Amino acid sequence: MSTLKEILTRRPVSATIRLTVPAGGARPAPPVGPALGQYRLNLMAFCKDFNARTQKYKPDTPMSVTITAFKDNTFEFTVKSPSVAWYLKKAAGIERGSRRPGHSFATTLSVKHIYEIAKVKQSDPYCQYMSLESICKSIIGTANSMGIQVVKDSDS
């Protein structure tokens, strides 16, 4: 139950904007400019904050960002790490998955790669309460649907 103070300090939300922006590459040009400009949000403030938050990632890493625009022309945003499919393609060194997943495999990955991806994804706001095992199972399912075979390490 919300307290009276929380209810009174809530700001009315104008819109929720979801974008995929390269890490460290937010500029007031499209796609960021038109998406934020129509709600009269401060483009330069968003670009500076986003670039500061994503400076630890390699440039051109696609980052998902959810921007909550309020009626008083202010905003808040959360940055998620890149998608699991992007991590799987980078770890496997391929451009795209198999054309016929389940029938032919594009490549193979070890469980060690899956575990490393799961540790990175555990810091996401939506995965922080999930166990590492369940995140790994989800990543394995994504890999199977992309035509990437997951194998145990050969030295174990």
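If you check an unreviewed UniProt entry, the chain appears there as Large ribosomal subunit protein uL11m from Trapa incisa. Per UniProt, the comment on the chain under Sequence similarities (unreviewed entry) is "Belongs to the universal ribosomal protein uL11 family."

Draft legend 1. Broad picture of the environment of Val 150. The topology assignment puts Val 150 in strand β5 (residues 148-151). Its relative accessible area of 22% is what places Val 150 among the partly exposed residues. Contact partners of Val 150, with chain neighbours within four places excluded, come to Leu 109, Ser 110, Val 111, Ile 114, Ile 140 and Ala 143.

Draft legend 2. Spotlight on helix α5 (residues 111-121). Every buried residue of α5 is accounted for by Ile 114, Ile 117, Ala 118 and Lys 121. The buried residues of α5 occupy one face: seen down the axis, they fall within an arc of 100°.

Draft legend 3. Seen up close, the UniProt feature "domain: Large ribosomal subunit protein uL11 N-terminal" (unreviewed entry) in the chain. Residues given the UniProt feature "domain: Large ribosomal subunit protein uL11 N-terminal" (unreviewed entry) here are residues 17-75. When the span residues 17-75 is considered, its composition is 29% helix and 27% strand, and the gap between its end C-alpha atoms is 10 Å.

Draft legend 4. Region of interest: the nonpolar core. Counting 18 residues, the largest nonpolar core has Leu 19, Phe 46, Phe 50, Val 65 and Ile 67 as the members making the most contacts within it. Put simply, the parts of the chain that give this core at least two residues each are β1 (13-22), α2 (32-37), α3 (43-53), β2 (62-70) and β3 (75-80). Sequence-distant contacts of Val 65, that is, excluding residues within four places in its chain, are made with Ile 17, Arg 18, Leu 19, Val 21, Phe 46, Phe 50, Phe 77, Thr 78 and Val 79. With 15 residues, the next largest nonpolar core counts Val 84, Ile 114, Ala 118 and Ile 139 among its residues.

Draft legend 5. Looking closely at the UniProt feature "domain: Large ribosomal subunit protein uL11 C-terminal" (unreviewed entry) in the chain. The UniProt feature table records "domain: Large ribosomal subunit protein uL11 C-terminal" (unreviewed entry) at residues 80-150. Summarising residues 80-150: 49% helix, 11% strand, and an end-to-end C-alpha distance of 25 Å.

Draft legend 6. Region of interest: the pattern of salt bridges. A full pass over the atoms with the stated rule returns three salt bridges. One salt bridge in this structure joins Glu 116 and Lys 119, with 3.8 Å as the shortest N-O distance. Within this pair, Glu 116 and its partner Lys 119 are both found in helix α5, separated by three residues, close to a single helical turn. For Glu 133, the salt bridge is made with Lys 137, and the minimal N-O distance between the two is 3.7 Å. Within this pair, Glu 133 and its partner Lys 137 are both found in helix α6 (residues 132-146), separated by four residues, close to a single helical turn.

Draft legend 7. Representation of the layout of surface pockets in the model. Of the pockets and cavities examined, the largest pocket occupies roughly 160 Å³. Surrounding the largest pocket, Arg 53, Thr 54, Lys 56, Tyr 57, Met 63, Val 79, Lys 80, Ser 81, Ser 123, Asp 124 and Pro 125 form its lining. Looking at side-chain class alone, the lining of the largest pocket contains four nonpolar, three polar and four charged residues.

Draft legend 8. The arrangement of the sheet that holds β1 in detail. Pairing is antiparallel across the open sheet formed by three strands, whose spatial order is β1-β2-β3. The open sheet is flanked by β1 and β3, the only strands paired with a single partner. Strand-to-strand twist of the sheet, defined as the mean angle between neighbouring strand axes without regard to direction, takes the value 20°. With nine bridges joining them, β1 and β2 adopt antiparallel strand pairing. Looking at the pairing, Pro 22 lines up with Pro 62 of β2.

Rules used in this analysis
Residues numbered from 1 in each chain as written. Predicted model: local features only at pLDDT ≥ 70, side-chain atom pairs only at ≥ 80, totals over all residues. Heavy atoms only, no water. UniProt positions renumbered as here; feature names shortened; annotations may be inferred. Helix = DSSP H or I, 4+ residues; strand = E, 2+ residues; numbered from the N terminus. Buried < 20%, exposed > 50% of the residue type's maximum accessible area, 1.4 Å probe, protein only. Contact = heavy atoms within 4.5 Å. Arc of directions from axis to C-beta. Core = buried A, V, L, I, M, F, W, Y, C linked by side-chain atoms within 4.5 Å. Salt bridge = Lys/Arg side-chain N within 4 Å of Asp/Glu carboxyl O. 1 Å grid on protein atoms, 1.4 Å probe; cavity = no way out; pocket = protein on both sides within 12 Å on 5 of 7 lines; lining within 4 Å. Points joined across faces, edges and corners; volume = space filled by probe spheres on them. Nonpolar A, V, L, I, M, F, W, Y, C, P; charged D, E, K, R; others polar. Pairing = 2+ DSSP bridges. Axes fitted to C-alpha atoms, helices over the stretch in contact; angles between N-to-C directions.

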